[in-house]
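One letter stands for each residue in the lines below.
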Amino acid sequence: MLRCPRWLPAAAVLLATCLQLVVAATARDLPQFAGKGFTARLVWYPLLMLCAPALWWLAARAGRTRGRATPWAGLTLVMAPFLLDVSGNTLGLYDAVVWWDDANHFTNWCLLTLGLGLVLDVAALRPAWARAAAVVGGGALLALLWEVGEWWTFIRHGTELATAYEDTLGDMVLGTAGSAVALVLPALTGPALRRLRRAAGAPPAARVSG
């Protein structure tokens with residue numbers, strides 16, 4: 001039976017995102033793309049998506065990954081929010097569904113920080129408050145940087161400036177809340193996944209030391 005290469009989901013997410021970005025950047029007159037900085041996104045989104053794999057590769061070359069296998073599941077989760085964001089614009093969900101933007105910020109930050117937690121092996125951090133500071137604090141910082149990027153690329157010269165303050169505060173709260181869920185999600189799902197493995201007769205997954 002053919003097995004899917006572990007890197008294939010990450011490559012598929014990157015390709016699907018880039019294809020939609022090209023369409024959005026060349027069809028900026030369509031209402032779902034107008035005034036949303038897709039020319040800048042065409043440059044920055046692929047670079048940001050490749051940032052984590054590139055840093056992992058550099059760390060591995062420098063011998064700083066302690067012999068760990070490339071965490072493709074975590075890297076795919078880090079890339080996934082960019083695909084969800086662009087897909088929401090392609091389908092016009094930001095304009096058609098009133099709660100889509102809020103749900104997107106919450107979900108994307110949960111995926112992003114969960115993925116970074118896997119890549120950085122945050123589960124090995126001790127004591128427990130260090131894990132919380134790394135995941136939730138890191139997620140809050142990334143939410144802040146994202147909002148600064150949104151303001152710089154299209155809000156300051158766009159039509160959303162009048163409501164940007166309230167929207168930015170809400171997005172930062174939702175992003176931080178999503179990071180908090182990412183902190184507790186492995187603890188909630190870990191036992192269930194181990195039970196499924198035992199029921200399927202699979203060998204138990206190796207536990208992270210510490």
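For the structure, check the block above.
Residues numbered from 1 in each chain as written. Predicted model: local features only at pLDDT ≥ 70, side-chain atom pairs only at ≥ 80, totals over all residues. Heavy atoms only, no water.

## Observations concerning the overall build of the protein
Scanning the protein from terminus to terminus reveals seven helices and zero strands. Overall, the protein shows an N-to-C arrangement of helices and strands of α-α-α-α-α-α-α. Expressed as a percentage of the 210 residues in the protein, the buried residues total 32%. Within the protein, contacts between residues separated by at least 24 positions form 75% of all contacts whose residues are at least 6 apart in sequence. Taken as a whole, the protein presents about 12900 Å² of accessible surface, with 70% of it coming from carbon and sulfur. (Helix = DSSP H or I, 4+ residues; strand = E, 2+ residues; numbered from the N terminus. Buried < 20%, exposed > 50% of the residue type's maximum accessible area, 1.4 Å probe, protein only. Contact = heavy atoms within 4.5 Å. Areas by Shrake-Rupley, 256 points an atom, 1.4 Å probe, with all protein chains shown as cover.)

## Things to note about the pattern of salt bridges
Counted according to the given criterion, the structure contains two salt bridges. Among the salt bridges present, the one from D95 reaches K36, with a minimum N-O distance of 3.8 Å. Residue D95 is found in helix 4 (residues 93-96), and its partner K36 is found in the loop between helix 1 (8-26) and helix 2 (38-61); the two are separated by 59 residues along the sequence. In this structure, D85 engages R41 in a salt bridge whose closest nitrogen and oxygen atoms are separated by 2.8 Å. Remark: R41 occurs in helix 2 and D85 occurs in helix 3 (residues 72-90); sequence separation between them is 44 residues. Since its relative accessible area comes to 8%, D85 is described here as buried. (Salt bridge = Lys/Arg side-chain N within 4 Å of Asp/Glu carboxyl O.)

## As for helix 2
In this model, helix 2 (24 residues) spans 34 Å end to end at C-alpha, consistent with the 34 Å of a helix rising 1.5 Å per residue. The largest bend in helix 2 comes to about 35°, at C51, with the proline P53 one to four residues further on. Where helix 2 is concerned, the buried positions are F38, R41, Y45, P46, M49, A52, P53 and W56. (Expected span 1.5 Å × (residues − 1). Bend = angle between axes of the 7 residues up to and from the residue.)

## Things to note about a nonpolar patch on the surface
The grouping of V22, L42, V43, W44, L47 and L48 at the surface amounts to a nonpolar patch, some 540 Å² of accessible area in total. Relative to the helices and strands, V43 is located in helix 2. On the accessibility criterion, V43 (47% relative accessible area) is partly exposed. (Patch = residues over 30% accessible without salt bridge, like charges linked within 9 Å, V, L, I, M, F, W, Y side chains within 5 Å.)

## As for the nonpolar core
One finds V13, L21, F38, Y45, M49 and M79 to be the most contacted residues of the largest nonpolar core, which totals 13 residues. With residues near it in sequence (within four places) discarded, V13 still touches M49, T76, M79, A80 and L83. Residues W56, L75, W109 and L112 belong to the second largest nonpolar core, which totals eight residues. (Core = buried A, V, L, I, M, F, W, Y, C linked by side-chain atoms within 4.5 Å.)

## Quick word on the packing of helix 1 against helix 3
The relative placement of two packed helices comes down to the angle between their axes together with the axis-to-axis distance. It is the contact of helix 1 with helix 3, at a shortest axis distance of 9 Å, that shows an interaxial angle of 25°. With respect to helix 3, the element helix 1 is oriented roughly parallel. Regarding helix 1 and helix 3, the two cross each other, and that crossing is left-handed. On helix 3, the residues that touch P9, A10, V13, L14, A16, T17, Q20 and L21 of helix 1 are W72, T76, M79, A80, F82, L83, V86, S87 and T90. Looking at the contact of helix 1 with helix 3 residue by residue, the classes come out as twelve nonpolar, five polar and no charged. (Axes fitted to C-alpha atoms, helices over the stretch in contact; angles between N-to-C directions. Parallel < 35°, antiparallel > 145°, perpendicular 65-115°, else oblique. Left-handed = near helix turned anticlockwise from the far one by under 90°. Nonpolar A, V, L, I, M, F, W, Y, C, P; charged D, E, K, R; others polar.)

## Description of the environment of D121
Residue placement: D121 occurs in the loop between helix 5 (100-120) and helix 6 (128-155). Along the sequence, D121 and P71 sit 50 residues apart, while their C-alpha atoms lie 9.4 Å from each other.

## Structural notes on the packing of aromatic side chains
A complete count under the given rule lists three aromatic pairs for this structure. On the basis of an interplanar angle of 70° and a centroid distance of 5.2 Å, the ring pair of Y45 and F82 is categorised as edge-to-face. With Y45 in helix 2 and F82 in helix 3, this residue pair connects regions lying 37 residues apart in the sequence. The pair formed by Y45 and F82 is uniform in burial state, with each residue classed as buried. With a centroid separation of 6.4 Å and an interplanar angle of 85°, the aromatic rings of Y94 and W100 are classed as edge-to-face. You'll find Y94 and W100 in the same group, each marked buried. Between the NZ or CZ atom of R41 and the centre of the ring of F38, over which it lies, the distance is 4.6 Å. (Phe/Tyr/Trp six-rings, centres within 6.5 Å; stacked < 30°, edge-to-face > 60°. Lys NZ or Arg CZ within 6 Å of the ring centre and 35° of its normal.)

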